[in-house]
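Listed here are the chains, written in short residue letters.
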Amino acid sequence: MSDNKENASNGESCCACSLDPERRALLAATAGVGAIVGLGVAAPFVGSFLPSERAKAAGAPVEYDLSKLAPGQMDTIEWQGKPVWIVRRTPEMVAALKKNDANLVDPNSERSEQPEYAKGTARAIKDEYFVCLGVCTHLGCSPNPKFLLGAESGMGEDWNGGFLCPCHGSRFDLAGRVFKSMPAPVNLVIPPHSYLSDTRLLIGKDSKES
Amino acid sequence: MNCCKTVTDKAQQALAWVDERFPLSFLWKSHVSEYYAPKNFNFWYLFGSLALLVLVIQIVTGIFLVMNYKPDASLNLAGVPVAFASVESTIMRDVWGGKYIRYMHSTGASAFFIVVYLHMFRGMLYGSYRKPRELIWLFGMGIFLCLMGEAFFGYLLPWGQMSFWGAQVIVNLFSAVPVIGGQLSEFIRGDFVVSDATLNRFFAFHVIAIPLVLLGLVTSHLIALHEVGSNNPDGVEIKKHKDANGIPLDGIPFYPYHVIKDVFGVSIFLIVFAAVIFFAPEGGGYFLEFNNFFPADALKTPPHIAPVWYFTPYYSMLRATTSDFLPFLWAFIALISVLTWRGAASCRFVRGLCVLVPLAAYWGFFGLSAFGLTVPLTALLLPGVKFTVLGVDLARGLDAKFWGVVMMGGSVMLFALLPWLDRSPVKSIRYKGVLVKTALVIFVVAFLILGYFGTQPPSPVGNILSQICTILYLSFFGLMPWYSRLDKTKPVPERLTWK
Ligand code: HEM
Ligand code: FES
């Protein structure tokens, strides 16, 4: 066991300084070229980790027929592999949004992600239809709807309806705005969307792009 | 009689033939039959060999599972993801014995963590991480990290609801890293969501990349161990007293003595292991989680998601790190800095750090606001001006989400610092005083409470208790240089005490 220790300690010859200085330059050059080749070889391996062309191409816009949605109801569809919610908000639901403002992190959605046309309190093109990416801004779980009001919802007396993330308990209101002191830092993301007609919604595309 | 003698002679010759070409007898002697380990090993010293056993179980059952498993997230004709079906239907129902192979592997994963946690706890009891065993401990830390990675990658493979959402949450942790976070998590997933690409690369990591690293680390762990020799429950070096032949007086050869002891431990372990596999393979929902019997659904998170039990203490700390917890965390950092400052009178560099670290932490936690409770100073002085560089708002510091991630990773890594944090003049708990013993008890209790709340859905009480326990956990490590020095220790015997 201990013999190898002794070998290591009395071996002076392993020091490179005793080498011929001219050869040293050659050694350094060889090592340098080797390193560059090594980097080149690493490139495809690192690159292969990036999303493939196929993954990038996925994600065409999706159409949704609003006529099947009753007031106060919510539906979930898939866009780019992620859940998108469509909530048909009742006028009471829309009116209640203002009441949450004082308890929100970003009530006017200035630091959050949404298209220009979905800013403000209701965060929608039409107040009645709330379209939202159902992906928590904390760590990406999909929050659950909690549409009952007050104590009945199990969310406390002053609950005005919204969403609860099952993973770490972030709470959002019915415009996807996050409450204070929650793990999620900002409001839920609103995807680009537009209306093809009064009842046909297109998710994944702005009207101006078409 | 004669023929027996011929056979043994032949065997001797064969061995000599090998020894001339490969140091077989030499290796056997130096690592087994003439490797001297302390004679006072106790219960706690069983877990090293048990960890080796579980490693073998995992590798063997893993090889057989791969023969039927398919890492494919696309849907089969019945509309079920292929990966999920290959586990829940092919392996669990169609393959002869497949069910038991799978249960051995899934129970083995939990057993691995039980064994390794106890193995590490032994190190903490007897000061096994201290000089000259720092590298054994650091290789052990590497093993522990690989084990966590291995468990995480493996958990995605059955492609159930828990697999999917667990991976979603953990990969998204990386998106909290400032500036590069978004790209980093895409880079890990290989897609914009957890998908087939993610499943395939996790498969590659789980079946080959990490196991290879793990084997290398375990080998290094044992080489380092055999270089310095084992510690023991008394924490005294047996190499200090040797006989005329250079053999430690308090050592006995590993073979046969310790081997027999380890075989006894293995028997008991296997009885318990088999009982779990036959009678409680799901471990009451702790070894195999209920929600994982549903195929992955990217549109719906199950109402209650929690990691497998062995990650829950760290998961609790992640959840506990909210913005209203940061002021307490900062106070803790400030306290450690003040203590270090007082202790480092002569060293400018350390004193500089003692100022810099709390300042940097303050900015990182709260930006230019007063403990995150007010709006940033800049919003008062220069309203409307934005100080955002590369997506980081300089006036607000970094998100609590990022600090949660740092907390989770950092609290695991704290173990690696133990060799340098422990300043006690004695190694073993047997000769330590009340202070260190109390600290260890508090640490264990805090760790268990954190583990418990990590399995529960978020609740206000759970959150407060997790925050308190997080501080206790950090204090165990952070304050160790001071309490381990103040501690009143007992005199250490010269030789092993052994009844
Ligand atoms: C795959 C996982 C592991 C295996 C197979 C393994 C194996 C072993 C074995 C066979 C021993 C000698 C027997 C014993 O002391 O119980 C040992 C000792 C030791 N291990 Fe591990 N180990 C593993 C993980 C770890 C981890 C995660 C740590 C800590 C971070 C660690 C720290 C130590 C220390 C400090 C010793 C020396 C103990 C003493 O001399 O008192 N090991 N290990
Ligand atoms: S993912 Fe929603 S709170 Fe953490």
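Rules behind the numbers
Residues numbered from 1 in each chain as written. Chains lettered and ligands numbered in written order. Predicted model: local features only at pLDDT ≥ 70, side-chain atom pairs only at ≥ 80, totals over all residues. Heavy atoms only, no water. Helix = DSSP H or I, 4+ residues; strand = E, 2+ residues; numbered from the N terminus. Contact = heavy atoms within 4.5 Å. Lys, Arg positive; Asp, Glu negative; His and termini not counted. Charge placed at Lys NZ, Arg CZ, Asp CG, Glu CD. Domains from an automatic or database assignment. Buried area = accessible area lost by both parts, 1.4 Å probe. Salt bridge = Lys/Arg side-chain N within 4 Å of Asp/Glu carboxyl O. Buried < 20%, exposed > 50% of the residue type's maximum accessible area, 1.4 Å probe, protein only. Polar contact = N/O pair within 3.5 Å; in protein donor to acceptor, adjacent residues only side chain to side chain. Nonpolar A, V, L, I, M, F, W, Y, C, P; charged D, E, K, R; others polar. Near = heavy atom within 4 Å. Donors = N, O, S within 2.8 Å, 3.2 Å for Na, K, Ca; no water. Tetrahedral: all angles 85-135°; square planar, octahedral: opposite > 155°, others 65-115°. Expected span 1.5 Å × (residues − 1). Bend = angle between axes of the 7 residues up to and from the residue. Core = buried A, V, L, I, M, F, W, Y, C linked by side-chain atoms within 4.5 Å. Disulfide = S-S within 2.5 Å. pLDDT = per-residue confidence, 0-100. Axes fitted to C-alpha atoms, helices over the stretch in contact; angles between N-to-C directions. Parallel < 35°, antiparallel > 145°, perpendicular 65-115°, else oblique. Left-handed = near helix turned anticlockwise from the far one by under 90°.

*Asks:* So what exactly am I meant to see when it comes to the overall build of chain B here?
*Replies:* A tally of helices and strands in chain B yields 18 helices and four strands. With respect to the principal axes defined by its C-alpha atoms, chain B has extents near 100 × 70 × 40 Å. Here the analysis covers contacts within chain B between residues at least 6 apart in sequence; of these, 79% occur between residues at least 24 apart. Side-chain charges of chain B comprise 37 positive and 27 negative groups, with the mean position of each set lying 9 Å from the other.

*Asks:* Looking at this structure, I do not really get the domain arrangement of chain B. What am I missing?
*Replies:* By a widely used convention, the size of an interface equals the accessible area lost when the partners come together. Residue and element names in this part refer to chain B. Here chain B is partitioned into domain 1 (1–28), domain 2 (34–301) and domain 3 (306–499). The interface is formed by 53 residues belonging to domain 2 together with 45 residues belonging to domain 3. Of all residues in domain 2, the largest losses of buried area upon contact with domain 3 belong to M124, R130 and D234, amounting jointly to 15% of the total for that side. Where domain 2 packs against domain 3, one counts five salt bridges. With a closest N to O distance of 2.9 Å, D250 and R495 form a salt bridge.

*Asks:* Quick question: what am I supposed to make of the pattern of salt bridges here?
*Replies:* Where charged atoms from two side chains of opposite charge come close, those side chains can pair. Applying the stated criterion across every chain yields a total of 18 salt bridges over all chains. If you follow the salt bridges from partner to partner, you end up with K98, D101, D173 and R177 of chain A in one network.

*Asks:* Hey, could you run me through the environment of L440 of chain B in this one?
*Replies:* Residues and elements named next belong to chain B. Relative to the helices and strands, L440 is located in helix α16 (residues 434–455). Among the residues examined, L440 registers a relative accessible area of 9% and is labelled buried. Between the alpha carbons of L440 and R133 there is a distance of 20 Å; along the sequence they are 307 residues apart. Contacts of L440, omitting those with residues within four sequence positions, involve F121, M124, L125, I429 and F476.

*Asks:* Please clarify how the interface of chain B and chain A should be interpreted in this entry.
*Replies:* Counting from both sides, the interface comprises 32 residues of chain B and, opposite them, 33 residues of chain A. For the pair chain B and chain A, the summed buried area comes to about 2800 Å², and 63% of that belongs to carbon and sulfur atoms. Looking only at chain B, the three residues that lose the most surface to chain A are F187, L299 and K401 of chain B, adding up to 22% of its buried area. On inspection of chain B and its partner chain A, the count reaches zero salt bridges. At the surface where chain B touches chain A, the tally comes to eight residue pairs in polar contact (both at pLDDT 80 or more). Within the residue set of the side of chain B that touches chain A, elements represented by two or more residues are α7 (161–173), α8 (181–189), α9 (196–228) and α11 (312–320) of chain B. Of all the elements, α7 of chain B adds the most residues to the side of chain B that touches chain A, at five residues. In terms of residue class, the side of chain B that touches chain A is made up of 15 nonpolar, seven polar and 10 charged.

*Asks:* Which parts of the structure should I look at to understand the site of ligand 1?
*Replies:* Residue and element names in this part refer to chain B. Taken together, 23 residues sit near ligand 1, with Y45, H119, S128, H221 and N231 positioned nearest. Interatomic distance of 2.6 Å between a side-chain N/O atom of S128 and an oxygen atom of ligand 1. Going through the elements one at a time, α3 (47–66), α5 (98–126), α6 (134–156) and α9 are the ones with two or more residues in the shell around ligand 1. No other element matches α6, which puts six residues into the shell around ligand 1. Looking at the shell around ligand 1, its residues break down into 14 nonpolar, eight polar and one charged.

*Asks:* Looking at this structure, how should I read the coordination of the iron atom of ligand 1?
*Replies:* For a metal with four tetrahedral donors the ideal donor-metal-donor angle is 109.5 degrees, while six octahedral donors give ideal angles of 90 or 180 degrees. Residue and element names in this part refer to chain B. Bound to the iron atom of ligand 1 on the protein side are H119 (NE2) and H221 (NE2), at distances that span 2.0 Å. Note that the iron atom of ligand 1 binds six donor atoms; their angles at the metal cover 81 to 179°, and the shape is octahedral. Of this pair, H119 sits in helix α5 while H221 sits in helix α9, and the two are 102 residues apart along the sequence.

*Asks:* Help me understand α9 of chain B, please; the structure alone is not making it clear to me.
*Replies:* Given 3.6 residues per turn, any residue in an α-helix points the same way as the ones three and four places further on. Residues and elements named next belong to chain B. Between its terminal C-alpha atoms α9 stretches 47 Å, which fits the 48 Å expected from 33 residues at 1.5 Å a residue. Along its length, α9 reaches its greatest deviation from straightness, about 45°, at F205. Trailing α9 by a residue or two, G229 shows a phi angle of about 85°, which is positive.

*Asks:* Is there a simple way to think about the nonpolar core in this case?
*Replies:* Soluble, globular proteins show a tendency: their nonpolar side chains are buried together. Ranked by size, the top nonpolar core spans 135 residues in total, and within it W159, Y314, F415 and Y473 of chain B carry the most contacts. Ignoring sequence-local partners within four residues, the contact set of F415 of chain B consists of M120, M124, W137, M141, Y314, F443, Y473 and F477 of chain B. Listed in part, the 15 residues of the second largest apolar core include Y64, I77, L133 and L201 of chain A.

*Asks:* Would you mind showing me how to read the state of the cysteines here?
*Replies:* Covalently bonding the sulfur atom of one cysteine to the sulfur atom of another cysteine gives a disulfide. Summed over the entire model, instances satisfying the criterion amount to one disulfide over all chains. The side chain of C141 of chain A participates in a disulfide bridge whose partner is C167 of chain A; the two sulfur atoms lie 2.0 Å from each other. Looking down the S-S bond of the C141 of chain A and C167 of chain A bridge, the torsion is -85°, so its handedness is left-handed. Pair noted here: C141 of chain A is in the loop between β4 (129–133) and β5 (144–146) and C167 of chain A is in the loop between β6 (162–164) and β7 (171–173), with a separation of 26 residues, a long-range link. For the pair formed by C141 of chain A and C167 of chain A, the shared burial category is buried. Counting only cysteine sulfurs, C354 of chain B is the nearest neighbor of C347 of chain B, a cysteine outside any disulfide, at a range of 9.1 Å.

*Asks:* Just to check I follow, could you spell out the side chain of N40 of chain B for this structure?
*Replies:* Summarising the element assignment, N40 of chain B is placed in the loop between β1 (36–38) and α3. Ignoring any residue separated from it by four or fewer positions in sequence, one finds N40 of chain B in contact with N232, P233, D234, L496, T497 and W498 of chain B.

*Asks:* How should I be thinking about the confidence of the model for chain A in this particular structure?
*Replies:* Caution applies to low-pLDDT parts of the model: their predicted coordinates are not meant to be read in detail. Across chain A, pLDDT averages 85, with 90% of residues at or above 70. Here residues 1–14 of chain A is a poorly scored stretch, pLDDT under 50, and it has five contacts once near neighbours within four places are set aside; other chains count.

*Asks:* Got a minute to help me understand the packing of α5 of chain B against α16 of chain B in this structure?
*Replies:* Any two packed helices are characterised by how steeply their axes cross, that is the angle between the axes, and by the distance between the axes. All names here are of chain B. Running from amino to carboxyl end, α5 crosses α16 at an angle of 160°, the nearest separation of the two axes being 12 Å. If you check the angle between α5 and α16, you find them roughly antiparallel. Of the two possible hands of crossing, α5 and α16 adopt the one that is right-handed. Residues Y117, F121, M124 and L125 of α5 pack against L440, F443, V444 and F447 of α16.

*Asks:* Got a minute to help me understand unusual backbone geometry in this structure?
*Replies:* Residues other than glycine predominantly adopt negative phi, and peptide bonds predominantly adopt the trans conformation. All names here are of chain B. In this structure, the amide linkage connecting K131 to the following residue, P132, adopts the cis form with an omega of 5°. Counting through the fold element by element, P132 comes out in the loop between α5 and α6. The omega torsion across Y255 and P256 is 5°, close enough to zero to call that bond cis. In this fold, P256 is placed in helix α10 (residues 254–279).

*Asks:* Help me understand the environment of V426 of chain B, please; the structure alone is not making it clear to me.
*Replies:* All names here are of chain B. One can find V426 in the loop between α15 (400–421) and α16. Residue V426 is classed as buried on the basis of its relative accessible area of 6%. Once the C-alpha coordinates of V426 and D234 are considered, the two residues, 192 residues apart in sequence, prove to be 9.4 Å apart. When sequence neighbours within four positions are dropped, the list of residues in contact with V426 reads R130, Y431, K432, T489, K490 and V492.

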